[in-house]
Amino acid sequence: VQLQASGGGLVQAGGSLRLSCAASGSRGRVGTAVMGWYRQAPGKERELVASITGGGLTNYADSVTGRFTISKDNAKNTVYLQMNSLKPEDTAVYYCSLRRGYVYWGQGTQVTVSS
């Protein structure tokens, strides 16, 4: 499984970004796996931001509920994270994951929110 994350960047507080994670490989079908977005800020542990099951059930961290939306396009084998009303505390490296028994990780994309 290979996961290619993109879409990070520098944005002002209150702005928006859309992250994408394209999956590939024989076991990299997003339609039948649990896909997740995690983030890790400097000096902090990696934390779950949002997840979506093969059936489309979603889960969000309390800190992003109402601001972030996870979605997926099974035909494109891609998962997205729409991030609105960004705050400086959202600054982190964001990683996508695919869980199918084992957890696979993408390379991470930097999101920086300036105040």
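Preceding this paragraph is the structure being described.
Attention here is on the structure that accompanies the text. Quantities reported herein were computed from a predicted structural model and do not represent experimental measurements. (Residues numbered from 1 in each chain as written. Predicted model: local features only at pLDDT ≥ 70, side-chain atom pairs only at ≥ 80, totals over all residues. Heavy atoms only, no water.)

1. Digging into the overall build of the protein chain
Turning to step 1, where the next piece is worked out: Along the protein chain, the regular secondary structure elements total zero helices and eleven strands.
Turning to step 2, where the next piece is worked out: Scanning the protein chain from its N terminus toward the C terminus, one meets helices and strands in the order β-β-β-β-β-β-β-β-β-β-β.
Turning to step 3, where the next piece is worked out: Over its C-alpha trace the protein chain gives a radius of gyration of 13 Å, about what one expects of a compact globule, namely 13 Å for 115 residues.
Turning to step 4, where the next piece is worked out: If you line up the protein chain on its principal axes, its C-alpha atoms span 40 × 25 × 20 Å.
Turning to step 5, where the next piece is worked out: By residue count, 42% of the 115 residues in the protein chain fall in the buried class.
Turning to step 6, where the next piece is worked out: A sequence separation of at least 24 residues applies to 52% of the contacts in the protein chain between residues at least 6 apart.
Turning to step 7, where the next piece is worked out: The protein chain carries 12 positive and 6 negative side-chain charges, and their two centres are separated by 10 Å. (Helix = DSSP H or I, 4+ residues; strand = E, 2+ residues; numbered from the N terminus. Rg over C-alpha atoms; globule rule 2.2 N^0.38 Å. Buried < 20%, exposed > 50% of the residue type's maximum accessible area, 1.4 Å probe, protein only. Contact = heavy atoms within 4.5 Å. Lys, Arg positive; Asp, Glu negative; His and termini not counted. Charge placed at Lys NZ, Arg CZ, Asp CG, Glu CD.)

2. Here's the deal with the pairing of strand β1 (residues 2-6)
Turning to step 1, where the next piece is worked out: Residues L3 and A5 point to one face of β1 and are all buried, whereas Q2, Q4 and S6, pointing to the other face, are not buried.
Turning to step 2, where the next piece is worked out: Pairing analysis gives five bridges linking β1 to strand β3 (residues 17-24), with the strands arranged antiparallel. Within β3, the position partnered with S6 by the bridge is S20. (Pairing = 2+ DSSP bridges.)

3. Considering unusual backbone geometry
Turning to step 1, where the next piece is worked out: Of note in this structure, N77 is not a glycine but carries a positive phi near 55°.
Turning to step 2, where the next piece is worked out: Checked against the element boundaries, N77 lands in the loop between β7 (68-73) and β8 (78-83).
Turning to step 3, where the next piece is worked out: The exposure class of N77 is buried, given its relative accessible area of 5%.

4. Focus: the sheet that holds β8
Turning to step 1, where the next piece is worked out: Within the open sheet, the four strands sit side by side as β1-β3-β8-β7. Their pairing is antiparallel. Strands with a single pairing partner mark the edges of an open sheet, and in this sheet they are β1 and β7. Each strand axis lies, on average, 15° off the axis of its neighbour in the sheet, ignoring direction. (Axes fitted to C-alpha atoms, helices over the stretch in contact; angles between N-to-C directions.)

5. Side note on the pattern of salt bridges
Turning to step 1, where the next piece is worked out: In total, this model carries three salt bridges according to the counting rule given.
Turning to step 2, where the next piece is worked out: In this structure, the salt-bridge partner of E47 is R39, at a minimum N-O distance of 2.7 Å.
Turning to step 3, where the next piece is worked out: For E47, a relative accessible area of 35% gives the class partly exposed.
Turning to step 4, where the next piece is worked out: Residues participating in the shared-partner salt-bridge network are R39, E47, R67 and D90. (Salt bridge = Lys/Arg side-chain N within 4 Å of Asp/Glu carboxyl O.)

6. A closer look at the state of the cysteines
Turning to step 1, where the next piece is worked out: By the definition in use, this model includes one disulfide.
Turning to step 2, where the next piece is worked out: Put simply, C21 and C96 are joined by a disulfide, and their sulfur atoms are 2.1 Å apart. On the sign convention where negative is left-handed, the bridge of C21 and C96, at about 55° about the S-S bond, is right-handed. One end of the pair, C21, is in strand β3; the other, C96, is in strand β9 (residues 92-100), with 75 residues separating them in the sequence.
Turning to step 3, where the next piece is worked out: Residue class for C96 comes out buried when judged on its relative accessible area of 1%. (Disulfide = S-S within 2.5 Å.)

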